[in-house]
Amino acid sequence: MPDFPAPADPRFGLARRVTLPGPLTLDSGARLSPVDIAYETYGTLAADAGNALLICHALTMDQHVAGPNPRTGKQGWWTRMVGPGRPIDTDRFFVVCANVLGSCMGSSGPASIDPATGCPYGMDFPVITIRDMVRAQAMLLDHLGIGTLAGVVGGSMGGMQALSWAATYPDRVRAAVVIASTARHTAQNIAFHEVGRQAVMADPKWRDGAYYDGDPPAAGLAVARMAAHITYLSEAGLTEKFGRRLQAREQKSFGFDADFQIESYLRYQGLSFTDRFDANSYLYITRAMDYFDLAEEHGGLLANAFRGTATRFCLVSFDTDWLYPTAESRSIVQALNAAGARVSFVELTSPYGHDAFLLDAPELERVVGGFMAADR
Amino acid sequence: MTLRADLAVIARHVPDGARVLDVGCGDGELMAALRDTRGVDARGLEIDRGNVAAAVARGLSVIQGDADVDLAGYPDQSFDYAILSQTLQTARAPDRVLDELLRIGRHAFVSFPNFAHWRVRLSLLWGGRMPVTRLLPERWYDTPNIHHLTVDDFRAHVADRKITVEGAWFLSGDKSTGGAAANFLAEHAVFLLTRN
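No experiment lies behind these values; they were computed from the predicted model shown. (Residues numbered from 1 in each chain as written. Chains lettered and ligands numbered in written order. Predicted model: local features only at pLDDT ≥ 70, side-chain atom pairs only at ≥ 80, totals over all residues.)

Per the secondary structure count, chain B includes eight helices and eight strands. The C-alpha radius of gyration computed for chain B amounts to 16 Å, which stays within 12% of the reference 16 Å derived for 196 residues, consistent with globular compactness. Within the span of chain B, comprising 196 residues, buried residues form 44% of the whole. Long-range contacts, defined as pairs at least 24 residues apart, comprise 61% of the intrachain contacts of chain B with a sequence gap of at least 6. (Helix = DSSP H or I, 4+ residues; strand = E, 2+ residues; numbered from the N terminus. Rg over C-alpha atoms; globule rule 2.2 N^0.38 Å. Buried ≥ 20, exposed ≤ 12 C-beta atoms within 10 Å, placed from the backbone. Contact = placed C-beta atoms within 7 Å.)

This is the structure in structure tokens:
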């Protein structure tokens, strides 16, 4: 695990948290104040602050992209990509990663205390959007003294944020890397999320979101995670990993235990998720993703989101990703072309489906590393 | 680095600072040369993902795509030059690709191997076998060149489609050869075209 020395400036370093007064005006019209943001930084900010790079995380990830996660003791979730000498080189870039608004890893979300009541917000937390997450990140960058970003990089929901950054603050983004992502949620994407939300809300322990004084709706959240997890993997990957193999038994039980390995695996994924994630945050963040439609924010034409942009774009998709398939990336590329933007795009091969961007993907590292090395 | 002969011809004739789309750009060799020596704003389209990765790693803006399909997304006249080097004969619909080039670019450079070169003719005439030459190294079953053409085929085609030829260069090895006997002597040809 790389060693990141503690910088002298207390705003910088691992496991940072700041409370900004706000108010943050949200797409819904609501105003959030104060705004907590938990984040980490790696590397050294240049004197002109010109080497800052923002990593945007996916739905259930966190700010511990390259440093150790203090909660789990595990290494960061993207150490393949971010670190000293890695494709996103922390010897060169000052890397910032912040927990998204609405999440539960230290940034403001439904589990945070509502200053109006002194109790957790629960469902009184305002509904947020991807653009609201980006606005909160921009507030953090203002606090850190960062104007323009050398790059914004994200996979999945992180890619949505990268797109939203480029559309919302075009003058603050020199380059955007959008991996395994989309410019809008399709009916199928929304459908899967709705299954997950209904599973949470059907759990009697959910209690309209006011469960913070008792047991959380773990059973519902586990089912939500199980359904979502299927969408992150490819059919071929599942077949290769599990097939129809039975779990620690010679024959079928003629019952409803986890006979199959895939059942056991999904149950484990669901249960372990409930230890680290807040059910209400899951509702809020999936809602934000479902509301995301960058074209809609720009008069129905995606190219309008990027008209006149000077940002360089790099998009990557994976051939086995059926959650955000290559066609979604291609439509973004077409819009960027129509807007005259500088854009690179490649579809990579992987057996792993949507999750490929987090796993061993040397070609991805080569493309992202090359793309970011060209920043000048 | 020395550019392939047809690319060198194209590079010599692209003006400084032009906006260029290189269709079938490979690993971005020409684009990098144009960017580094001429300040050209170059974009690329390339079908092979390994080549795209190599080009992006050079800091070039390259999109993975197929000239037969993915040119449709580019706006009209959005580039000064569209370049198609050694790719025309691999297209499923080369005539439509040519139309797309001239829609997207105000001018188009097109280079292709000449199937009427004397060596190709000899190989077919005396050997009775599909030619395998320096420029056409693949055998009949594994060649990407599915629409072989000759210099005279191309001249007839552009005349038929009312496309203006603004320039033509003919190469045998790395040397230039004249236009008059090009259909016999040229290994490959470079045409500069416009529809304006």
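Take the overall build of chain A next. Looking only at helices and strands, chain A features nine helices and twelve strands. Here the C-alpha atoms of chain A give a radius of gyration of 20 Å, agreeing with the 21 Å that 2.2 N^0.38 yields for 376 residues. By principal-axis analysis of the C-alpha atoms, chain A measures approximately 65 × 50 × 45 Å. Counting over 376 residues, chain A shows a buried share of 51%.

Bringing the domain arrangement of chain A into the picture now. All names here are of chain A. Assigned domains of chain A: these are domain 1 (16-186 + 292-373) and domain 2 (189-287). On a C-alpha basis, the centroid separation for the pair domain 1 and domain 2 is 25 Å. In this assembly, 26 residues from domain 1 lie in contact with 21 residues from domain 2. Taken together, the residues that form the side of domain 1 that touches domain 2 break down as 14 nonpolar, ten polar and two charged. (Domains from an automatic or database assignment. Nonpolar A, V, L, I, M, F, W, Y, C, P; charged D, E, K, R; others polar.)

A separate point is the pairing of strand 4 (residues 35-42) of chain A. All names here are of chain A. Among the eight residues in strand 4, seven count as buried, and that is most of the element. Two elements, strand 1 (residues 16-20) and strand 4, share five bridges in a ladder whose sense is antiparallel. Paired with valine 18 across the bridge in strand 4 is isoleucine 37. Across four bridges, strand 4 lies against strand 8 (residues 94-98) in antiparallel orientation. (Pairing = 2+ DSSP bridges.)

The next point concerns the environment of arginine 92 of chain B. Looking at the secondary structure, you find arginine 92 of chain B in the loop between strand 4 (79-85) and helix 5 (94-104). In the structure, arginine 92 of chain B is positioned 55 residues away from histidine 147 of chain B in sequence and 7.6 Å away in space, judged by C-alpha atoms.

Interhelical geometry of helix 9 (residues 362-373) of chain A versus helix 3 (residues 49-57) of chain B gives an angle of 30° and a closest axis separation of 7 Å. Viewed along their axes, helix 9 of chain A and helix 3 of chain B adopt a mutual orientation that is roughly parallel. Residues Glu363, Arg366, Val367, Gly370 and Phe371 of chain A of helix 9 of chain A touch helix 3 of chain B, and the partners they reach there are Ala53, Val56 and Ala57 of chain B. Classifying every residue of the contact of helix 9 of chain A with helix 3 of chain B by side-chain character gives five nonpolar, one polar and two charged. (Axes fitted to C-alpha atoms, helices over the stretch in contact; angles between N-to-C directions. Parallel < 35°, antiparallel > 145°, perpendicular 65-115°, else oblique.)

In this complex, chain B contributes 15 residues to the contact, which on the side of chain A involves 20 residues. Contributions of two or more residues to the side of chain B that touches chain A are made by helix 3 and strand 3 (61-64) of chain B. Considering each element in turn, the side of chain B that touches chain A owes the most residues, five residues, to helix 3 of chain B. Taken together, the residues that form the side of chain B that touches chain A break down as eight nonpolar, five polar and two charged.

With that out of the way, let us pick up the packing of helix 4 (residues 218-232) of chain A against helix 6 (residues 261-276) of chain A. Residue and element names in this part refer to chain A. With their axes 8 Å apart at the nearest point, helix 4 and helix 6 run at an angle of 125° to one another. Here helix 4 is positioned oblique relative to helix 6, judged by the angle of their axes. For the element pair helix 4 and helix 6, the recorded crossing hand is right-handed. Along its contact with helix 4, which presents Ala218, Leu221, Ala222, Val223, Arg225, Met226 and His229, the element helix 6 presents Leu266, Gln269, Gly270, Leu271, Phe273 and Thr274. Residue classes in the contact of helix 4 with helix 6 are distributed as eight nonpolar, four polar and one charged. (Left-handed = near helix turned anticlockwise from the far one by under 90°.)

All names here are of chain B. Of note, isoleucine 83 is situated in strand 4. The buried category is assigned to isoleucine 83, around which 29 C-beta atoms lie within 10 Å. Here the alpha-carbon distance between isoleucine 83 and alanine 57, two residues 26 residues apart in the chain, equals 21 Å.

We now examine the pairing of strand 1 (residues 19-23) of chain B. All names here are of chain B. With four of five residues buried, strand 1 lies mostly within the body of the structure. Here four bridges tie strand 1 to strand 4, and the two strands are oriented parallel to one another. Its bridge partner lying in strand 4, aspartate 22 is registered against isoleucine 83.

Further remarks concern the nonpolar core. Counting 172 residues, the largest nonpolar core has Val95 and Ala176 of chain A together with Val56 of chain B as its most contacted members. Tallying contributions element by element places helix 7 (residues 279-291) of chain A first for this core, with eight residues. Formed jointly, this core draws a minimum of three residues from each of two domains, domain 1 (16-186 + 292-373) and domain 2 (189-287) of chain A. If sequence neighbours within four positions are ignored, valine 95 of chain A has contacts with Thr41, Tyr42, Gly43, Leu53, Ile55, Ala66, Val82, Ile88 and Thr90 of chain A. (Core = buried A, V, L, I, M, F, W, Y, C linked by C-beta atoms within 7 Å.)

Time to look at unusual backbone geometry. Residues and elements named next belong to chain A. Cis geometry marks the peptide bond from glycine 22 to proline 23; its omega dihedral reads -5°. Along the chain, the position of proline 23 falls in the loop between strand 1 and strand 2 (24-25). For the peptide bond that leads from serine 33 to proline 34, omega is -5°, which places it in the cis range. Secondary-structure assignment places proline 34 in the loop between strand 3 (31-32) and strand 4. A positive phi angle is found at alanine 180, which is not glycine, with a value near 45°. Secondary-structure assignment places alanine 180 in the loop between strand 10 (175-179) and helix 3 (187-202). On the neighbour-count criterion, alanine 180 (31 C-beta atoms within 10 Å) is buried.

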